[in-house]
Each structure stands twice: as structure tokens, then as C-alpha cells.
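# Structure at a glance
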Amino acid sequence: MATFGTLSDRLTETFRNLRTKGKLSPADVDGTVREIRRALLDADVALPVVKDFTAKVRERALGDEVNKALNPAQQVVQIVNEELVGILGGEQRRLEFAKTPPTVIMLAGLQGSGKTTFAGKLAKQLQGEGHTPLLVACDLQRPNAVTQLTVVAEQAGAAIYAPEPGNGIGDPVKVAKDGVEHARRTQHDVVIIDTAGRLGVDAELMKQAGDIRKATSPDEVLFVIDAMIGQDAVNTAKAFQDGVDFTGVVLSKLDGDARGGAALSVASITGRPIIFASTGENLDDLEPFHPDRMASRILDLGDILTLIEQAQSAFDEAEAMKVAEKLANEAFTLEDFLEQMQQMRKMGSMKKMLGMLPGMGQMKQQLDDFDEREIDRTEAIIRSMTPAERRNTKLLNGSRRLRIARGSGMTVTDVNQLVQRFEQAAKMMKTVARGGTPQIPGMGPMGKPGASAKRGRKGAKGKSGSRSGNPAKRAAENAGVGTAPAEATGSGFGLGGQKAPSEADMAEIQKLFGKG
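Residues numbered from 1 in each chain as written. Predicted model: local features only at pLDDT ≥ 70, side-chain atom pairs only at ≥ 80, totals over all residues. Heavy atoms only, no water.

### Examining the overall build of the protein
Under the convention used in this document: For the purposes of this entry, the term helix denotes a DSSP run of H or I that reaches at least four residues, the term strand denotes a run of E that reaches at least two, and both are numbered from the N terminus. Residue burial is assigned from relative accessible area. The probe radius is 1.4 Å, only protein chains are included, and a residue is buried under 20% of its type maximum, exposed over 50%, and partly exposed in between. Contacts are residue-level and defined by heavy atoms, with any inter-residue pair within 4.5 Å sufficient. Shrake-Rupley sampling with a 1.4 Å probe provides the accessible areas, and residues are treated as covered by the protein chains on show and by no other component.
Looking only at helices and strands, the protein features 24 helices and 8 strands. Counting only residues that meet the buried cut, the protein has 45% of its 516 residues in that class. A separation threshold of at least 6 residues defines the contact pool for the protein, and within that pool the share at least 24 residues apart is 72%. For the protein, the accessible surface area stands at approximately 25400 Å², while carbon and sulfur atoms represent 51% of it.

### Considerations on the packing of helix 2 (residues 26-42) against helix 3 (residues 47-61)
Stated formally: To obtain an axis, a line is fitted to C-alpha atoms, over the contacting stretch when the element is a helix, and the angle between two such axes runs from 0 to 180 degrees between their N-to-C directions. Any angle from 65 to 115 degrees is called roughly perpendicular, while one under 35 is roughly parallel, one over 145 is roughly antiparallel, and all others are oblique. Two helices cross in a left-handed way if the nearer one is turned anticlockwise from the farther one by less than a right angle. They cross in a right-handed way if the turn is clockwise. When residues are grouped by polarity, Ala, Val, Leu, Ile, Met, Phe, Trp, Tyr, Cys and Pro land in nonpolar, Asp, Glu, Lys and Arg in charged, and all others, Gly among them, in polar.
It is at 10 Å that the axes of helix 2 and helix 3 come closest, and there the two elements cross at 160 degrees. It follows from the interaxial angle that helix 2 and helix 3 lie roughly antiparallel. As helix 2 runs across helix 3, the sense of the crossing is right-handed. Listed contacts from helix 3 to Val29, Asp30, Val33, Ile36, Arg37, Leu40 and Leu41 of helix 2 are Leu47, Val50, Phe53, Thr54, Val57, Arg58 and Ala61. For the contact of helix 2 with helix 3, the per-class residue count stands at 10 nonpolar, 1 polar and 3 charged.

### Here we look at the environment of Val224
Its location among the elements puts Val224 in strand 5 (residues 220-226). What makes Val224 buried here is its relative accessible area of 0%. With 53 residues separating them along the chain, Val224 and Ala277 place their C-alpha atoms 9.6 Å apart. Excluding its chain neighbours within four sequence positions, the residues that come into contact with Val224 are Ala108, Gly109, Ser113, Gly114, Lys115, Phe118, Val250 and Ser252.

### Overview of unusual backbone geometry
Residue Pro102 follows Pro101 across a cis peptide bond; omega there is 5 degrees. Take Pro102: it is sitting in the loop between helix 5 (72-87) and strand 1 (103-108). Positive phi values are uncommon outside glycine, yet Asn167 reaches one of about 55 degrees. Relative to the elements of secondary structure, Asn167 occurs in the loop between strand 3 (159-161) and helix 8 (172-185).

### Side note on the environment of Ala153
Inspection of the secondary structure puts Ala153 in helix 7 (residues 145-156). A relative accessible area of 1% places Ala153 in the buried class. With 37 residues separating them along the chain, Ala153 and Thr116 place their C-alpha atoms 9.5 Å apart. Look past the residues within four positions of Ala153 in its chain and what remains in contact with it is Leu135, Ala158 and Ile160.

### Remarks on the sheet that holds strand 2 (residues 133-137)
Worth spelling out the cut-off: A pair of strands is considered paired only if DSSP assigns at least 2 bridges between the two.
If you trace the 8 strands from one edge of the open sheet to the other, you get 3-2-4-1-5-6-7-8, paired in mixed fashion. Two strands in the sheet have a free side with no partner beyond their single neighbour: strand 3 and strand 8 (286-288). In this sheet, adjacent strand axes meet at a mean angle of 25 degrees when their direction is disregarded. Strand direction decides the pairing type here: strand 2 and strand 4 (residues 190-194), joined by 5 bridges, are parallel. Bridge pairing links Leu134 to Val191 in strand 4.

### Overview of the packing of aromatic side chains
Put simply, the rule reads: Geometry of aromatic contacts follows a simple scheme: Phe, Tyr and Trp rings, the Trp one being its six-membered ring, pair when their centres are within 6.5 Å, and the pair is stacked under 30 degrees between planes, edge-to-face over 60, tilted otherwise.
Tallying each qualifying case throughout the model produces 3 aromatic pairs. Relative to Phe276, the ring of Phe118 lies with its centre 5.8 Å away and its plane at 55 degrees, an arrangement referred to as tilted. Remark: Phe276 occurs in strand 7 (residues 274-278) and Phe118 occurs in helix 6 (residues 115-128); sequence separation between them is 158 residues. Counting every residue linked through ring pairs, the aromatic cluster contains Phe223, Phe240 and Phe246.

### Let's talk about the pairing of strand 6 (residues 248-252)
For strand 6, the tally of buried residues reaches 5 of 5 residues, placing the bulk of the element in the interior. Burial along strand 6 is two-sided: Gly248, Val250 and Ser252 facing one way and Val249 and Leu251 facing the other are all buried. Pairing analysis gives 5 bridges linking strand 5 to strand 6, with the strands arranged parallel. Residue Ile225 lies in a different strand from strand 6, and its bridge partner there is Leu251. Inspection of the sheet shows strand 6 paired to strand 7 by 3 bridges, in the parallel sense. Considered in strand 7, the bridge of Val250 is made with Phe276.

### Some points on the pattern of salt bridges
The condition is simple: The term salt bridge refers to a pairing of a side-chain nitrogen on Lys or Arg with a carboxyl oxygen on Asp or Glu at a separation within 4 Å.
The full count for this structure, using the stated rule, is 15 salt bridges. The salt bridge involving Lys124 is made with Asp284; its shortest N-O contact spans 3.1 Å. Remark: Asp284 occurs in the loop between strand 7 and strand 8 and Lys124 occurs in helix 6; sequence separation between them is 160 residues. Since its relative accessible area comes to 53%, Asp284 is described here as exposed. For the salt bridge of Asp211 with Lys207, the shortest nitrogen-to-oxygen distance reads 3.1 Å. With a gap of 4 residues between them, Asp211 and Lys207 both fall in helix 9 (residues 203-216), about one helical turn apart. Assessed through its relative accessible area of 26%, Asp211 is described here as partly exposed. Connected through salt bridges with shared partners, the residues Arg60, Glu82 and Glu83 form a single ionic network.

### Structural notes on the packing of helix 8 against helix 9
Running from N to C, helix 8 and helix 9 point in directions that differ by 25 degrees, and their axes come no closer than 9 Å. Looking at the two axes, helix 8 sits roughly parallel to helix 9. Handedness of the helix 8/helix 9 crossing: right-handed. Note on element contacts: helix 9 touches helix 8 through Gln208, Asp211, Ile212, Ala215 and Thr216, opposite Pro172, Val173, Ala176, Lys177 and Val180.

### Quick notes on the nonpolar core
Soluble globular proteins tend to bury their nonpolar side chains together. Note the threshold: Nonpolar cores are built from buried Ala, Val, Leu, Ile, Met, Phe, Trp, Tyr and Cys residues. Side-chain atoms within 4.5 Å join them into one set.
The biggest cluster of nonpolar side chains holds 90 residues, and the ones touching the most others in it are Phe15, Phe118, Ile192, Ile193 and Phe240. Top contributing element to this core by residue count: helix 5, with 8 residues. If near-sequence neighbours (up to four positions away) are discounted, Ile193 is found in contact with Val104, Ile105, Met106, Leu107, Val136, Cys138, Ala176, Val180, Ile212 and Thr216. Met385, Leu396, Ala405 and Val415 belong to the second largest nonpolar core, which has 13 residues in total.

See the structure below:
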């Protein structure tokens, strides 16, 4: 969520300064509110919204709920979070469908705000929910607008009604009305009307949009607004509300680099809820807007719920159970690992997913440096292996690793590191799947302070250093001296056979990898 990155950094820094205070004085509260005001104004949040927001925060921060709190700094963060949820609309609002199909959804907004792309995203999302949307091309002014909507509809796999070629030809009001009738005849339960936009608000735009609304009586009128246009977002929203009136707002381009705070003002100024947030250029980059989750992201508190929902939509439960069973039986291979990577790709950008974790705003540089192409390189290495090598990494001798490196365009070191990371990760995952505590080389069991030193002393008596000819492997094995020796019956993990998992084990695994 790059759009609110600067605002998030400023607010996080402001709250960090409160952590050392055991009790907040009025001067501390005033200083904090002053910094919050500056952060919001710098982010282009509308002045009336800023004044109202900071006044409420100050009143509550000086009240009894903070004075009696054990941790005043955390309480102030909670107050800011709750008030931020308020200006973002309070509770989530979903699309309202007509009792008698088709449900008519009209899109409005300025040219370039992302209406046409959003139409395709919405159509694809609705199809995934079991609906049969029909896109209606009513933007007959902008050059090639009809062609663009046709391409977007094809990408989304949705039907389109476009009787006019556009480019200034055709009556958009008639097309909209005929499109709704066509949807009724062909049994499409949702109609998405893409209307024309302009470079600025004008009377002609408003009249045309108003006429389309009168002709189609839409159940929802969604105002698509570019989160990057600055303070003009508020003026544009007011103009559309007065000229057309809309029932909900869609924030587009939330993945941009602009300050974007004006978008925070729209719900508060217009009194209309934000229903969707567009977070990228792909048709899958559309999220239902949750005010509480967005507030948490801005305050760097993370958005675990959205991350879980994305994981559940991308991962197949039956496949997850198969993987869990393979882990417990030490049958998890690089082929399974490759399938899991491909499923993770369905969730979208790794940077975006990592950004939803709490506190990741403090690791901004590491996130920026993260190379998404590393997944491609890993996939290339695995695909350069034979099926037998993927199933059993013990077959990978020096000549095979050299062949794999050449086939994938990587180095032998890259191949060695991948195999080593896979075996260590599989070992840890198996331990967790069985309800144990994972051990990291050079450290004790996680969550047990002091275990590392004890295990190191005990292991030093019973086992000498590694004699492996591979320097990386030797260093890893020496760091892990004292761990339990592997049994003789090897496996893809190098751990040895174990008895079949019990029902209790499988229940724990299902909790970890499935939806249970």
C-alpha cells in the first residue's frame, strides 16, 4: 500500500516517541496531536477532516480512559486507530443486489480514474462469487474506450454489450437502457455500466451521467476516484455527489507513490462508504474495503485477516491436507515445494503480502530490496531437475548439480543453497506439524531461552565437527552440533523414517495447513 506509506511512517514515528512515557501530560498529548495534524496535512487529507479528527483524538486522549490506562502510549494508538476507522467510513459496506435480477451497477468518475479497468476487475470478482455479469460500453466519447472495455471483458472472461463503435458515435443513454434489457433477456444477473469520463468536472458530463441513471435506475452508483489526485479528490467527489449522487466509492491506484491522503477524506466529506480498493494493475488486484483493516495498515499494525482470506482463496484445502500428510511422513519433495510456490503466486505480489504483516513498515528498505524474481530463479532450478532428483535430493551429486546449474542459468552455489534451504525448511515444518518446537542451526528450540547454550555444551562432548567437503554444508552442520542424529533410513529430508502420524498429529497439521 505505497500510497499511504509516508503517512504511515510519520504516524509510526510519532507513536514511537510516546513509548518511553509512563504517564502522558497535557503537553505530551498536545505535542502528539500536533504531529498527527502535520502528518495528515502533509498527506493531503482535507482540512475540515483533519480539524475534526485531531479534536476528537485530543479530547479522548486527555480523558479518563488514558489516565487510568496501564500503558498510555498504547491507549493513544488505539484512540487514533478507532478515529481513523471512523473517517474511513466505520463499518464495511458490501454491494447490495436487487431482489429481482438484474442488479444494475453504474460507474462514474473522471477520465483516467480507472473505471474501465475496475469494471473488468469487478466482473471477474463477481464471476468468482457465482454471478453472471454483463459489461455495457457506454463510454462512446473517449477514443478506443469501447475497444479497451472489450479487451478487459475478454481478459476477465465476462460478456459485453457494445452495439456502438464509440469514438464519438452513438447514444450512451440508449445503449445503457438497451444493455439492461439485453441482460434481462439473456439472464445475466448483474449489469456493469461503464460511463464516459472527462478531464475535469463539466455540465455535459453530469447531464449525461444523470440521464443514464434516470434511464436505468441503477441499484448501485459507484464513484471511482484516483487515490493519487490530491486535494481535488474532495472537490470532484462533491461535484459528482451533487450532479449524479452515488451510493459508494471505489479507491483506485492505491499501489501508487502519491501521498493519497485526500482519498481518506472522501467517505467523511460525502457520507458515502468506500466499498472497494484497487491495489494494482492486474484484474485480481481488487479488495473489498474494510475501514478497520485499512486503518491498521496505515498505523503499521498489519492486516492479518486479509492475508488469511487471500491464502484461503488461493490454496486448495484438499491439496493442503495432502501436503500436510506428506510432511508428517517425510514424503514432501521439491515437486510439492514447486506446487506450493505456484499456489502462493496466485495470492499476488510477495511484497504486498509481506507488507500486511505487523511492523513491516519498519523494514521498508528490506521490502524494497526484496527481489520478486528470486521465485522465478528457484522455479528454474527445480524445473531443471529430473523427476527422480526432485523426489530425492540425495541423488544430487556434483555432476548433477553442475548440469542443473547450467540448465537453469544459475550457479552451482545457487543450487546448493536451494537444496540446503529446502532440507532445513522441510525439517522445521515437519517438527511444527508434529507439534514440536523447531530448532534452527546454531540456536536452541525456539521459545526456550538458554537452550542453545545447554545443547551446545552437551553436544560438544558427544559429537565432533563436520567433515563434509562442502564448505557451506560443513558450516551449517558445525553450527548445529549436538542435534539428535538422523536415523539410518534416509528420506528426502535426510531425517529418516518415523512411524505414521496419529489422528492427533493430523488434526494439528490440518490446523496449520488447512482451513480447520
